[in-house]
Amino acid sequence: MSGRANDFDGLADLFMSGGGARRGDAPASVGGGASGVGAPGAAGAVPRVLLVGNVPTLAGIWIAQYADQCARADGPVALIRLDGAATRGEIYRSEGRALPSDGSAWLERASAFARRWIVCLDSLTDAAVVLDAGGEIVLLSGIDETAMAGARRTIESLCAASAARGNVLALGLALVGCSHDAAESAVQSLVEWARGKSIAVRLTLAAHAQRVDRVESSGPVPLSVLGALDAPSAIEMVAMAMRGNPSRRSERDVPRLRIDDPRSGDAGTANAPQPAWPVAQAASAPALSPTVPATASIAPPAASVAAPVAAPATAAVIADASVPAALFPELQPLAFRCPDAASVLLATDARGLHLLAGEQAAADLRIAAAWARANWALLCAAVPAVAACGAITEHLLLTDPTHAVGLHRSGVLLHAAVDFDVGGRVVRRRIDLNNEQNAAPAR
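What counts and what doesn't
- Residues numbered from 1 in each chain as written.
- Predicted model: local features only at pLDDT ≥ 70, side-chain atom pairs only at ≥ 80, totals over all residues.
- Heavy atoms only, no water.
- Pairing = 2+ DSSP bridges.
- Helix = DSSP H or I, 4+ residues; strand = E, 2+ residues; numbered from the N terminus.
- Contact = heavy atoms within 4.5 Å.
- Axes fitted to C-alpha atoms, helices over the stretch in contact; angles between N-to-C directions.
- Buried < 20%, exposed > 50% of the residue type's maximum accessible area, 1.4 Å probe, protein only.
- 1 Å grid on protein atoms, 1.4 Å probe; cavity = no way out; pocket = protein on both sides within 12 Å on 5 of 7 lines; lining within 4 Å.
- Points joined across faces, edges and corners; volume = space filled by probe spheres on them.
- Nonpolar A, V, L, I, M, F, W, Y, C, P; charged D, E, K, R; others polar.
- Core = buried A, V, L, I, M, F, W, Y, C linked by side-chain atoms within 4.5 Å.
- Salt bridge = Lys/Arg side-chain N within 4 Å of Asp/Glu carboxyl O.
- pLDDT = per-residue confidence, 0-100.
- Phe/Tyr/Trp six-rings, centres within 6.5 Å; stacked < 30°, edge-to-face > 60°.

We now examine the sheet that holds strand S3 (residues 88–92). If you trace the eight strands from one edge of the open sheet to the other, you get S7-S6-S5-S1-S4-S2-S3-S8, paired in mixed fashion. Strands at the two margins of the open sheet, each flanked by one partner only, are strand S7 (201–209) and strand S8 (221–222). Across two bridges, S3 lies against S8 in antiparallel orientation. When the sheet's bridge partners are listed, arginine 88 is paired in S8 with proline 222. Running over the sheet, helix H6 (residues 180–196) touches strand S6 (169–176) and S7 and is turned about 165 degrees from S7.

Bringing the pairing of strand S4 (residues 116–122) into the picture now. Buried residues dominate S4, accounting for six of its seven residues. Sheet topology places strand S1 (residues 48–52) next to S4; five bridges connect them, and they run parallel. Counted as the bridge partner of leucine 51 is leucine 121 from S4.

Below, the discussion takes up empty space enclosed by the protein. Scanning the entire structure with this criterion turns up one cavity of 30 Å³ or more. Forming the boundary of the largest cavity are Trp62, Gln65, Tyr66, Gln69, Leu140, Ala174, Val176, Ala207, His208 and Ala209. Listed by contribution, the elements that provide at least two residues to the lining of the largest cavity are helix H2 (59–74), S6 and S7. Looking at the lining of the largest cavity, the element that brings in the most residues is H2, giving four residues. Classifying every residue of the lining of the largest cavity by side-chain character gives seven nonpolar, three polar and no charged.

The next thing to look at is the environment of valine 46. Looking at the element boundaries, valine 46 is found in the loop between helix H1 (8–16) and S1. Put simply, valine 46 and valine 119 are 73 residues apart on the chain and 9.7 Å apart in space, counted from C-alpha to C-alpha.

One non-glycine residue, arginine 93, adopts positive backbone phi at about 60 degrees. By the secondary structure assignment, arginine 93 is in the loop between S3 and helix H3 (103–110). Phi is positive for serine 198, which is not a glycine, with a value near 55 degrees. The residue serine 198 is located in the loop between H6 and S7 in this model.

Formed by 85 residues in total, the largest nonpolar core has its most connected members in Trp117 and Leu226. Among the elements that take part in this core, helix H9 (residues 362–374) stands out by supplying eight residues, more than any other. When sequence neighbours within four positions are dropped, the list of residues in contact with leucine 226 reads Ile80, Leu82, Thr87, Ala234, Met237 and Val238. In terms of nonpolar packing, the next biggest core, distinct from the first, is built from 26 residues, Ile63, Tyr66, Ile118 and Val212 among them.

By the secondary structure assignment, alanine 357 is in strand S14 (residues 352–358). Its relative accessible area of 1% is what places alanine 357 among the buried residues. Sequence-wise, alanine 357 and glutamate 394 are 37 residues apart; in three dimensions their C-alpha atoms are separated by 8.2 Å.

A few words on the pairing of strand S13 (residues 345–349). Burial within S13 is extensive, with five of its five residues counted as buried. Taking every second residue as pointing to the same face, both faces of S13 are buried, with Leu345, Ala347 and Asp349 on one and Leu346 and Thr348 on the other. Relative to S13, strand S12 (residues 332–333) runs antiparallel, the two being bridged by two bridges. Along S13, the bridge assignment pairs proline 333 with alanine 347. Where S13 meets S14, five bridges bridge the pair, whose relative direction is antiparallel. Bridge pairing in S14 places aspartate 349 opposite glycine 352. As consecutive antiparallel partners, S13 and S14 are separated by two residues.

The subject of this paragraph is the pattern of salt bridges. For the structure on display, the rule yields 17 salt bridges. Put simply, glutamate 95 and arginine 97 hold a salt bridge, and the shortest N to O gap is 3.0 Å. What makes glutamate 95 exposed here is its relative accessible area of 55%. The salt bridge partner of glutamate 436 is arginine 351, with a shortest N-O separation of 2.8 Å. With glutamate 436 in helix H12 (residues 436–439) and arginine 351 in the loop between S13 and S14, this residue pair connects regions lying 85 residues apart in the sequence. In the salt-bridge network here, residues are joined through shared partners; they are Asp68, Arg72, Arg93 and Glu216.

Right, let's get into the confidence of the model for the protein. The predicted model of the protein averages 74 in pLDDT, with 71% of residues at 70 or higher. No element of the protein has a lower mean pLDDT than strand S9 (residues 259–261), at 33, and none a higher one than strand S5 (residues 137–141), at 96.

Per the stated rule, a full pass over the model turns up one aromatic pair. With a centroid separation of 6.5 Å and 80 degrees between ring planes, the pair formed by tryptophan 106 and tryptophan 117 is classed as edge-to-face. You can see tryptophan 106 sitting in helix H3 and its partner tryptophan 117 sitting in strand S4, a full eleven residues away along the chain. There is no split in this pair, since tryptophan 106 and tryptophan 117 are both buried.

Written as structure tokens, this is what we have:
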């Protein structure tokens with residue numbers, strides 16, 4: 001996206017053209033069902049994917065037009081342009097809120113108020129990556145002959161990948177540099193083309209902009225934490241950021257599980273509603289799997305016995321984000337940690353490298369995994385045992401086993417730290433909630 005040619009003459013024409021809406025007015029748009037700009041503004045579990053095709057002049061100005069148009073309809077929009085080392089984030093219509101310049105802090109702050117998240121990808125991105133994101137898909141394109149040829153290629157690629165999964169593609173079209181009537185005509189021509197080629201697809205006009213209008217943006221912030229990742233991992237990390245950092249919640253909002261006596265089988269119930277925890281995922285798993293409904297059941301664990309660890313009688317949950325190494329006696333802890341996620345414990349065994357995080361540090365788990373992959377050569381040099389296997393396994397230690405429902409089949413090994421009263425002495429045990437076989441996303 002950053003390699004677009006600078007067509008200054010075309011850019012001047014767009015700014016100085018007198019046709020269409022008056023400057024300062026919102027660009028005309030047409031709601032397109034699920035992909036329409038008028039969709040509900042509350043951010044969902046996954047971001048909307050904006051595929052950038054062939055557009056007039058500079059792609060960046062049309063991306064900004066689309067994001068600002070969404071923000072006018074829905075409220076503040078967080079736009080993330082995945083472009084390798086040039087990856088950056090921007091808030092449109094932030095309503096005067098101040099944003100930090102640090103990438104990780106920016107993601108944390110944006111999660112507090114952004115009503116919609118948009119991830120911007122090139123239209124040549126692999127179709128499987130786009131579909132794995134699991135959210136709405138919008139194709140940004142012009143309507144000239146070259147742009148329409150590119151749009152047809154993109155639609156064919158996405159439809160083929162979607163049909164292979166037994167689904168029918170729903171695609172929104174954001175057409176720019178044209179009038180409303182011309183945009184509708186272009187959509188109709190694509191519909192007729194798809195019908196003639198027996199391509200199963202639902203095309204809608206999600207938005208259109210005839211010319212460049214003023215936008216309200218907080219300004220771009222470099223996101224090196226995402227730029228170092230591949231597209232699937234970056235999209236997954238954005239989805240986690242959308243859910244926010246659980247550590248922002250007050251202690252009274254965290255559900256606590258009371259277990260009176262494990263021998264009697266009479267367990268207390270959680271006394272607070274279950275929060276929406278971030279979905280973590282192992283490096284070997286596909287990009288992103290949708291969370292399981294709250295009524296879903298957890299697959300029976302292969303093993304649910306671990307070494308006992310003494311705990312204070314007043315401790316009902318893990319007090320901080322760190323993971324007690326004694327709960328994982330089969331692993332050998334390392335003497336160092338990820339500098340950007342110090343709460344994540346690093347350990348090894350014959351299977352490779354293990355990353356262990358407490359529930360309150362779930363967002364740090366993906367940061368540590370990305371750091372481990374980026375510094376894999378150094379890790380292998382420092383810890384030869386890691387190089388023998390080459391696998392990275394992620395573990396999440398929950399304070400409440402019921403929280404595992406939303407994380408089922410997310411690719412992460414889930415465990416619960418539960419306190420038992422054994423002969424008047426409180427003993428903390430680790431309960432394994434899944435294994436490597438049933439933790440992987442369903443195919």
